[in-house]
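Secondary and tertiary structure notes
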Amino acid sequence: MLPSSTAHCRLAPPFPSRLLPSASEPLRRRPLILLRRSSSYPDRRRLLVRAIDAAQPYDLEASLALRHLRSNSLKIAVIGFGNFAQFLAKTFVAHGHDVLAHSMQSDRSSAAAYLGVQYFPDPNDLFEQHPDVVLLSTSILSTPQVLSVLPLHRLRRSTLFVDVLSVKEFPKHLMLKYLPREFDILCTHPMFGPESGKDSWVGLNFMYDKVRLWEEDERIERCEKFLNIFSAEGCRMVEMSCADHDKYAAGSQFITHTVGRVLEKFGLEESPIGTKGYEKLIDLVENTKGDSFELYYGLFLYNKNAMEQLERLDLAFESVKKALFGRLHEIYREQLLEDAGDGIRRTMHRAEQNRRREVAQKLLHNGGQTPPNQSSETKAW
Ligand code: NAP
């Protein structure tokens, strides 16, 4: 009787995850082939074949594939298994990596089981698994507290720490402060989320900064393997310093979130004659309202460039309003003059002409005095 095999073979990158079986897809049972006792061979025992095409230990092709898969897979421990971490984990699992997770406040075990992720309520147990990579996906505000209580002593000295926080200088300094100097540090920011990246990651920006990477082949390769998850999915890989990231992100991402939140408060409604531009505004609100206020507040509080951008936005809004109201004021003034009597109009007209003459004189003489023998009429006009 052939042994049955339930080994679930996952394909290794560079296949995009949508081509791979979904993590939540139940393992398919192999067909049972039952050979009935034939009347012509009454003495034979019933033969039951439980599996066909099962990988055999002596099957070279299968063992090579398995070795290749193992050599490429990373053990990734995720800290903070919230919305965004679950979204990322789906793709990590699809790429054949072993994903483990822990959350400090909530029990995320059922979400983990659904995604094919091993869940550890206790971070000690998680770190005893000696992951290759520890991925921080905690809220920006909670990260200092989380980092300060993690049982780092249980990890291997060569562990790679990665963060995906939406600000970069802040976690970089925190990791440099809390992590032993033997650890590698990779700061990243996938510039997309569960909403904008739900169909595909193709063409979406992925920022990263190799903050500390020890010059060892294995460590360099491990870091590349991690980055390869995103490049294989079609992300546009952007290597950039954390400081530059924060400068650009304050002017783009923070402003996008701010305008999205302002428009949400404003209350955009579907319009029967909506333009393409209007639809984009509605999309913007949809995109930003899914993110927690805590995340948005983190973008503001922990990016030193955010305040300046908020003030610039305020000034820009004021100047647009001024341009509109200024034009309105001129029209209103002219109308007032027309409505007023002829006498008042003539007096005001003369006063206006005199004022213009004075300005013209100053301009003609570079702000100096006009020569005494010239009348103001001939000088100015
Ligand atoms: P989030 O609200 O920013 O973070 C949620 C996670 O933080 C949860 O796992 C939660 O733990 C943990 N957390 C919150 N307060 C905590 C505390 N006091 N102590 C311990 N853990 C705490 O939402 P998110 O969207 O999942 O984002 C996670 C990270 O990814 C953030 O740093 C964010 O900036 C970044 N990011 C998000 C997106 C996006 O589109 N959402 C895109 C790029 C980067 P529990 O699981 O225990 O509740």
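So, a few notes on the structure that sits alongside this text. (Residues numbered from 1 in each chain as written. Predicted model: local features only at pLDDT ≥ 70, side-chain atom pairs only at ≥ 80, totals over all residues. Heavy atoms only, no water.)

1. Some points on the pairing of strand 6 (residues 133-136)
- In strand 6, alternate side chains face the same way, and those of Val133 and Leu135 on one face and Val134 and Leu136 on the other are all buried.
- Relative to strand 6, strand 3 (residues 75-79) runs parallel, the two sharing four bridges. For Ile79, the partnering residue across the bridge sits in strand 6 and is Leu136.
- Relative to strand 7 (residues 160-163), strand 6 runs parallel, the two being bridged by four bridges. Its bridge partner lying in strand 7, Leu135 is registered against Val162. (Buried < 20%, exposed > 50% of the residue type's maximum accessible area, 1.4 Å probe, protein only. Helix = DSSP H or I, 4+ residues; strand = E, 2+ residues; numbered from the N terminus. Pairing = 2+ DSSP bridges.)

2. Considerations on the nonpolar core
- Residues Phe226 and Phe230 are the most contacted members of the largest nonpolar core, which totals 33 residues.
- Those elements that place two or more of their residues in this core are strand 3, helix 2 (83-94), strand 4 (98-102), helix 3 (109-115), strand 6, strand 7, strand 9 (205-212) and helix 7 (217-232).
- Broken down by element, this core gets its largest block of residues, seven residues, from helix 2.
- Residue contacts for Phe226: discarding those within four places in its chain leaves Leu74, Ile76, Phe92, Val133, Leu135, Val162 and Leu186.
- Judged by nonpolar contacts, the second largest core, of 30 residues, contains Phe120, Phe183, Cys187 and Ile255. (Core = buried A, V, L, I, M, F, W, Y, C linked by side-chain atoms within 4.5 Å. Contact = heavy atoms within 4.5 Å.)

3. Topic: the site of the ligand
- Taken together, 28 residues lie near the ligand, and Ser103, Gln105, Ser106, Thr138 and Ser166 sit nearest.
- Here an oxygen atom of the ligand sits 2.7 Å away from a polar atom, N or O, in the main chain of Thr138.
- One of the side-chain nitrogen or oxygen atoms of Ser166 is found 2.7 Å away from an oxygen atom of the ligand.
- Protein chains bury 88% of the 870 Å² of accessible surface belonging to the ligand in isolation.
- The residue makeup of the shell around the ligand, split by class, is eleven nonpolar, 15 polar and two charged. (Near = heavy atom within 4 Å. Polar contact = N/O pair within 3.5 Å; in protein donor to acceptor, adjacent residues only side chain to side chain. Areas by Shrake-Rupley, 256 points an atom, 1.4 Å probe, with all protein chains shown as cover. Nonpolar A, V, L, I, M, F, W, Y, C, P; charged D, E, K, R; others polar.)

4. Details of the pattern of salt bridges
- The full count for this structure, using the stated rule, is 13 salt bridges.
- Between Asp184 and Arg222 there is a salt bridge, with its nearest N and O atoms 3.0 Å apart. Here Asp184, found in strand 8 (residues 184-190), pairs with Arg222, found in helix 7; they are 38 residues apart in sequence, far enough to count as distant. For the residue pair Asp184 and Arg222, the accessibility class agrees, reading buried in each case. (Salt bridge = Lys/Arg side-chain N within 4 Å of Asp/Glu carboxyl O.)

5. Focus on the packing of aromatic side chains
- Counting across every chain of the model gives 16 aromatic pairs.
- Considering the side-chain rings of Phe87 and Trp201, the 5.6 Å spacing of their centres and the 50 degrees angle between planes classify their relative orientation as tilted. Here Phe87, found in helix 2, pairs with Trp201, found in the loop between strand 8 and strand 9; they are 114 residues apart in sequence, far enough to count as distant. Of the two residues examined, Phe87 and Trp201, each falls in the buried class. (Phe/Tyr/Trp six-rings, centres within 6.5 Å; stacked < 30°, edge-to-face > 60°.)

6. Focus on a nonpolar patch on the surface
- Taken together, the side chains of Val320, Leu324, Phe325 and Leu328 present a nonpolar region at the surface, about 430 Å² in accessible area.
- Within the element layout of this structure, Leu328 appears in helix 11 (residues 306-339). (Patch = residues over 30% accessible without salt bridge, like charges linked within 9 Å, V, L, I, M, F, W, Y side chains within 5 Å.)

7. Thoughts on the sheet that holds strand 10 (residues 236-239)
- Here eight strands make up an open sheet; going across it, the order is 5-4-3-6-7-8-9-10 and the pairing mixed. Here the strands that pair on one side only, and so sit at the sheet edges, are strand 5 (118-119) and strand 10.
- Across four bridges, the pairing between strand 9 and strand 10 is parallel. Of the residues in strand 10, the one forming a bridge with Phe206 is Met237.
- Running at roughly 160 degrees to strand 8, helix 6 (residues 169-178) makes contact with strand 6, strand 7, strand 8 and strand 9 of the sheet.
- Helix 8 (residues 242-266) contacts strand 8 and strand 9 of the sheet and is inclined by roughly 155 degrees relative to strand 9. (Axes fitted to C-alpha atoms, helices over the stretch in contact; angles between N-to-C directions.)

8. Concerning the packing of helix 8 against helix 11
- Contact geometry of helix 8 with helix 11 gives a least axis separation of 10 Å together with a crossing angle of 60 degrees. Accordingly, the angle class assigned to the pair helix 8 and helix 11 is oblique. For helix 8 against helix 11, the interelement crossing comes out right-handed. Between helix 8 and helix 11, the residues in contact are Ala250, Gly251, Phe254, Ile255, Thr258 and Val259 and Ala306, Gln309, Leu310 and Leu313, respectively. (Parallel < 35°, antiparallel > 145°, perpendicular 65-115°, else oblique. Left-handed = near helix turned anticlockwise from the far one by under 90°.)

9. A closer look at the environment of Arg261
- Position of Arg261 among the secondary structure elements: in helix 8.
- Assessed through its relative accessible area of 16%, Arg261 is described here as buried.
- Once the C-alpha coordinates of Arg261 and Leu284 are considered, the two residues, 23 residues apart in sequence, prove to be 9.1 Å apart.
- For Arg261, the contacting residues outside a window of four places in its chain are Thr288, Asp291, Ser292, Phe293 and Tyr296.

10. Points about helix 2
- With twelve residues, helix 2 should reach 16 Å at 1.5 Å per residue; the first-to-last C-alpha distance of 18 Å fits that figure.
- All buried positions along helix 2 are accounted for by Phe84, Ala85, Gln86, Phe87, Leu88, Ala89, Thr91, Phe92, Val93 and Ala94.
- In this structure, the buried residues of helix 2 make contact with strand 3, strand 4, helix 3, strand 6, strand 8 and helix 7.
- Immediately beyond the C-terminal end of helix 2, within one or two residues, lies Gly96, with a positive phi of roughly 90 degrees. (Expected span 1.5 Å × (residues − 1).)

11. Side note on the side chain of Asn305
- For Asn305, the position within the fold is in the loop between helix 10 (293-301) and helix 11.
- Looking at Asn305, its side chain comes within polar contact range of the side chain of Asn303, at 2.9 Å.

12. Re the packing of helix 8 against helix 9 (residues 276-289)
- Following both chains from N to C, one finds helix 8 and helix 9 inclined at 105 degrees, their axes separated by 8 Å at the closest point. With respect to helix 9, the axis of helix 8 lies roughly perpendicular. Each of Thr256, His257, Val259, Gly260, Arg261, Leu263 and Glu264 in helix 8 lies in contact with helix 9, whose residues at this interface are Leu281, Leu284, Val285, Thr288 and Lys289.
- Split by residue class, the contact of helix 8 with helix 9 holds five nonpolar, four polar and three charged.

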